[in-house]
Amino acid sequence: MIQNQYIDDLKQLSVVARQCIAVTCFERYCRFHGLVHQAIDQFIEHEWRIVSIHKPSDFNVWEQAFQEMPITGQGDPYPDSLDVAIPLTLRKEFDNLILHVFETSATTWYGHDLEGTVKHLVEVLKIIDSYGIALPNLEMFRQPLAHIHDGWGAPLSEAEAKRWKEAA
């Protein structure tokens, strides 16, 4: 069960850290359920590219690339081969999970809904926690100046980004 202290700790993290935690959880969920598909890999890799956003134009390119993705978390139909790869018993939950992973940062894209990013991340955490999948260690995702740039935090170094990704 996700405790209030855990939620309070999430609020101290940058939006980028929250997004990376969400995608880490998604990766763990897919491994746990044996969900393997190129579209899943593409979504995961794209989500991780959030760590390479260092200036506004980088964000625009990253955000726009979702339009070209086979799965986005925005309710678009999946490729037929992915439909077959996701068991019917997991389909609704998978849809819900991918939506919350996407919205963990998307709620701030054209506004400042920092609370929304926590709300969506908590939903991601609840889903993986229901299977006993290990929750990420939040300490690993802490960074100084997480509050700057409207809560997106300071850009990550390559070493920090690599360490975060390896945590998945």
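Bear in mind the structure is a predicted one, so any value in this text is a computation, not a measurement. (Residues numbered from 1 in each chain as written. Predicted model: local features only at pLDDT ≥ 70, side-chain atom pairs only at ≥ 80, totals over all residues. Heavy atoms only, no water.)

(A) Quick look at the packing of helix α3 (residues 38–48) against helix α6 (residues 88–106). It is the contact of α3 with α6, at a shortest axis distance of 12 Å, that shows an interaxial angle of 20°. Our classification of the angle between α3 and α6 gives roughly parallel. At the point where α3 passes α6, the crossing takes the left-handed sense. Where α3 approaches α6, its residues Ile-40, Phe-43 and Glu-47 are matched on the opposing element by Phe-94, Ile-98, Val-101 and Phe-102. Here the residues of the contact of α3 with α6 sort into 6 nonpolar, no polar and 1 charged. (Axes fitted to C-alpha atoms, helices over the stretch in contact; angles between N-to-C directions. Helix = DSSP H or I, 4+ residues; strand = E, 2+ residues; numbered from the N terminus. Parallel < 35°, antiparallel > 145°, perpendicular 65-115°, else oblique. Left-handed = near helix turned anticlockwise from the far one by under 90°. Contact = heavy atoms within 4.5 Å. Nonpolar A, V, L, I, M, F, W, Y, C, P; charged D, E, K, R; others polar.)

(B) Fine view of helix α2 (residues 15–33). Its 19 residues place the ends of α2 27 Å apart at the C-alpha level, agreeing with the 27 Å of an ideal helix rising 1.5 Å per residue. Note on α2: the residue one or two positions beyond its end, Gly-34, has a positive phi of about 65°. (Expected span 1.5 Å × (residues − 1).)

(C) Main features of the side chain of Ser-14. For Ser-14, the location among the structural elements is in the loop between α1 (4–10) and α2. A distance of 2.5 Å separates polar atoms of two side chains, one belonging to Ser-14 and the other to Gln-143. When sequence neighbours within four positions are dropped, the list of residues in contact with Ser-14 reads Gln-143, Ala-146, Gly-151, Trp-152 and Gly-153. (Polar contact = N/O pair within 3.5 Å; in protein donor to acceptor, adjacent residues only side chain to side chain.)

(D) Local environment of helix α7 (residues 114–129). Here α7 spans 23 Å end to end across 16 residues, near enough to the 22 Å set by a 1.5 Å rise per residue. Looking only at α7, the buried set comprises Gly-116, Thr-117, Val-118, His-120, Leu-121, Val-122, Val-124, Leu-125, Ile-127 and Ile-128. Check the buried side of α7 and you find it contacts α1, α2 and α6. (Buried < 20%, exposed > 50% of the residue type's maximum accessible area, 1.4 Å probe, protein only.)

(E) Quick peek at the nonpolar core. Judged by nonpolar contacts, the single largest core of 56 residues is most densely connected at Leu-10, Phe-26, Ile-40, Val-51, Phe-94 and Trp-164. The set of elements that each furnish at least two residues to this core consists of α1, α2, α3, α4 (56–65), α6, α7 and α9 (158–166). No other element matches α2, which puts 11 residues into this core. Excluding its chain neighbours within four sequence positions, the residues that come into contact with Val-51 are Val-16, Cys-20, Leu-156, Ala-161 and Trp-164. (Core = buried A, V, L, I, M, F, W, Y, C linked by side-chain atoms within 4.5 Å.)

(F) Highlighting the packing of aromatic side chains. For the structure shown, the criterion picks out 8 aromatic pairs. For the pair Phe-26 and Phe-94, a centre-to-centre distance of 5.7 Å together with 50° between the ring planes defines the contact as tilted. Highlighted residues: Phe-26 in helix α2 and Phe-94 in helix α6, separated in sequence by 68 residues. With centroids separated by 5.1 Å and ring planes inclined at 85°, the aromatic side chains of Phe-66 and Phe-102 adopt a geometry described as edge-to-face. Residue Phe-66 is located in the loop between α4 and α5 (80–85), and its partner Phe-102 is located in helix α6; the two are separated by 36 residues in the primary sequence. Exposure remark for Phe-102: the relative accessible area of 4% places this residue in the buried category. Taken together, the aromatic side chains of Phe-26, Phe-43, Tyr-78 and Phe-94 make up a single cluster linked through ring pairs. (Phe/Tyr/Trp six-rings, centres within 6.5 Å; stacked < 30°, edge-to-face > 60°.)

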